[in-house]
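Reading the structure
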Amino acid sequence: MTDTATAPLTFAVTRNLAAKNPAQREAILQDPGFGTNFTDHMVDICWSEGGGWHRPRVQPYGPIPLDPAAAVLHYGQEIFEGIKAYRHADGSVHTFRPDRNAARLRNSARRLALPELPTEHFIQSLRELVAVDLDWVPSGADQSLYFRPFMFAKEAFLGVRPAKKVAYYLIACPAGSYFAGGVKPVSIWLSENYARAGKGGTGAAKTGGNYASSLLPQAEAYEKGCDQVVFLDQDGNVEELGGMNVVFVFKDGRVVTPESDSILEGITRDSLLQLAEDRGLTVERRAVSLQEWRDGVANGDITEVFACGTAAVVTPIGALKGEGFEEAQPQGDLALSLREELTDIQYGRREDKHGWLVRLDA
Ligand code: PLP
Ligand code: COI
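Criteria and cut-off values
Residues numbered from 1 in each chain as written. Chains lettered and ligands numbered in written order. Predicted model: local features only at pLDDT ≥ 70, side-chain atom pairs only at ≥ 80, totals over all residues. Heavy atoms only, no water. Helix = DSSP H or I, 4+ residues; strand = E, 2+ residues; numbered from the N terminus. Buried < 20%, exposed > 50% of the residue type's maximum accessible area, 1.4 Å probe, protein only. Patch = residues over 30% accessible without salt bridge, like charges linked within 9 Å, V, L, I, M, F, W, Y side chains within 5 Å. Areas by Shrake-Rupley, 256 points an atom, 1.4 Å probe, with all protein chains shown as cover. Salt bridge = Lys/Arg side-chain N within 4 Å of Asp/Glu carboxyl O. Near = heavy atom within 4 Å. Polar contact = N/O pair within 3.5 Å; in protein donor to acceptor, adjacent residues only side chain to side chain. Nonpolar A, V, L, I, M, F, W, Y, C, P; charged D, E, K, R; others polar. Axes fitted to C-alpha atoms, helices over the stretch in contact; angles between N-to-C directions. Parallel < 35°, antiparallel > 145°, perpendicular 65-115°, else oblique. Contact = heavy atoms within 4.5 Å. Left-handed = near helix turned anticlockwise from the far one by under 90°.

Some details on the overall build of the protein chain
Across its full length, the protein chain holds eight helices and 18 strands. In terms of overall dimensions, the protein chain has C-alpha extents of about 60 × 50 × 40 Å along its principal axes. Residues counted as buried form 54% of the 362 residues belonging to the protein chain.

What follows is the structure in structure tokens.
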């Protein structure tokens, strides 16, 4: 289905009378962490089979009333997104490639048999939330406002079929570094007993079930002393981490990332690869086997491996550990230099040549 021009929605705004006061908010913004402190408001739009998207609201952040039979609680019909707002030095607030997150939310919706939210409504929801929670967009170094748009089946019905009543919500949290301790190389556990996704499954969709299935292997990674887990597909090709894509840098200047229909198409990855191409580097999107990774590191062909995603931005991989082996990963300059270029664009410190930024507060 194409996303045709859509008339703006008219949001009913209910102010949060119990909103945090400026001193409380500032205390949180000093050290926001990730995903624990939320702004004072949230957005919600209903969808029904007969009525389409309706009842757009901005309301106080708080619990969602849900029937115990709501289909999402039983069959996991849910999707989400992750996107940030960045405060520039002049105080203005911008987001990054929201059309891409909107398109990915629609792709995820198709796979999960949920209704597609038009791009215009998606971007409008970001603007509506920023309009009421503008003061929550932090201005510290590497800080941002992390938006979590999500959609789920709220129809109370235990039959297994796509729900006829759905809700879209948008919440937001001020965010510092995703990994406590800032940008430092992470160690990765190779999950050989568990898969994140399978052929024809939901790997390319951003849906809660993929993350649920990554939790046990992630716990295994912690047990093995690693920070993150990397998944392989059934052919032994590298897929991605639980919440980040993987990129390999070769000594001849090629920048290679796994491609498969079970990987989430990262917007950070796409942007970094574009910046690499702009520098004249050759970018390859193709299958990368575990063998190629391990051989490439052993013989010096691979000079860097890094992970990337909205929450964590760019994180060098410092070690790969699996059953019976542990290999240090080579460290280079490209990951951190691309990270700097990307964040310079996002924070308005460098020209936005590709027109990726969208201003939200005006
Ligand atoms: N892969 C997974 C499984 C993710 O959860 C994410 C994070 O959103 C990514 C990759 C990276 O995607 P993006 O760069 O769009 O945040
Ligand atoms: C993001 O980077 O936006 C993600 O969704 C990853 C997440 C699992 C925190």
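The rest of the description comes next.
Considerations on unusual backbone geometry
One non-glycine residue, R97, lies in positive phi territory at about 50 degrees. Residue classification places R97 among the buried residues on the basis of a relative accessible area of 9%. Despite not being glycine, V313 has its phi angle at roughly 60 degrees, a positive value. Within the fold, V313 resides in strand β16 (residues 313-322). Owing to a relative accessible area of 11%, V313 belongs among the buried residues under this scheme.

What about a nonpolar patch on the surface?
A surface patch of nonpolar side chains, amounting to about 330 Å² of accessible area, comprises Y75, L158 and V160. Looking at the secondary structure, you find V160 in the loop between β7 (144-153) and β8 (165-175). By relative accessible area, V160 is classed as exposed at 70%.

Re the site of ligand 2
Around ligand 2, the structure places F80, G82, Y146, R148, Y178, K206, Y211, G243, T310 and A311. Taking Y146, its side chain carries an N or O atom lying 2.7 Å from an oxygen atom of ligand 2. A distance of 2.7 Å separates an oxygen atom of ligand 2 from a polar atom in the side chain of K206. In the complex, 87% of the free accessible area of ligand 2, which totals 280 Å², lies under the protein chains. Residues of the shell around ligand 2, tallied by class, amount to five nonpolar, three polar and two charged.

With respect to the pattern of salt bridges
In the structure shown here, the tally under the stated rule is 23 salt bridges. E116 serves as the salt-bridge partner of R106, at 3.9 Å between the closest nitrogen and oxygen. A residue pair is termed long-range when its members are at least 10 positions apart, and R106 in helix α3 (residues 98-111) and E116 in the loop between α3 and α4 (119-133) qualify at ten residues. Residue class for R106 comes out buried when judged on its relative accessible area of 13%. As a salt-bridge pair, E240 and R196 come within 2.9 Å of each other at their nearest N and O atoms. Within this pair, whereas E240 is found in strand β11 (residues 238-241), its partner R196 is found in the loop between β9 (186-191) and α5 (208-223), the two being separated by 44 residues in sequence. Looking at E240, the relative accessible area reads 3%, which means it is buried. Owing to a relative accessible area of 5%, R196 belongs among the buried residues under this scheme. Each of D252, R254, E284, R286 and E292 takes part in salt bridges that share partners, so that together they form one network.

Describing the site of ligand 1
Residues in close proximity to ligand 1 total 16 residues, the closest being R104, Y211, E240, T268 and T310. A distance of 2.6 Å separates an oxygen atom of ligand 1 from a polar atom in the side chain of T268. Against a free-state accessible area of 380 Å², the protein chains account for coverage of 96% of ligand 1.

Brief notes about the environment of G243
Structurally, G243 is set in the loop between β11 and β12 (245-250). Under the relative-accessibility criterion, G243 is labelled exposed at 53%. Spatially, the C-alpha atoms of G243 and Y211 are 7.9 Å apart, while their sequence positions differ by 32 residues.

Regarding the packing of helix α6 (residues 267-278) against helix α8 (residues 334-346)
Two elements in contact, α6 and α8, have axes whose closest approach is 10 Å; the angle formed by their N-to-C orientations is 110 degrees. Relative to α8, α6 is oriented roughly perpendicular. Contacts between α6 and α8 involve T268, S271, L272, L275 and A276 from the former and L338, R339, E341, L342 and I345 from the latter. For the contact of α6 with α8, the residue count by class is six nonpolar, two polar and two charged.

Considering the side chain of T257
With respect to the helices and strands, the residue T257 is situated in strand β13 (residues 254-258). Residue contacts for T257: discarding those within four places in its chain leaves V246, V247, R269, L273, E284, R285, R286 and V288.

Notes on the packing of α3 against α4
Where α3 meets α4, the axes come as close as 9 Å, and the angle between the chain directions of the two elements is 125 degrees. Looking at the two axes, α3 sits oblique to α4. The handedness of the crossing between α3 and α4 is right-handed. Contacts from P98, D99, N101, A102, L105 and R106 of α3 reach α4 at T119, F122, I123 and L126. When its residues are assigned to classes, the contact of α3 with α4 shows six nonpolar, two polar and two charged.

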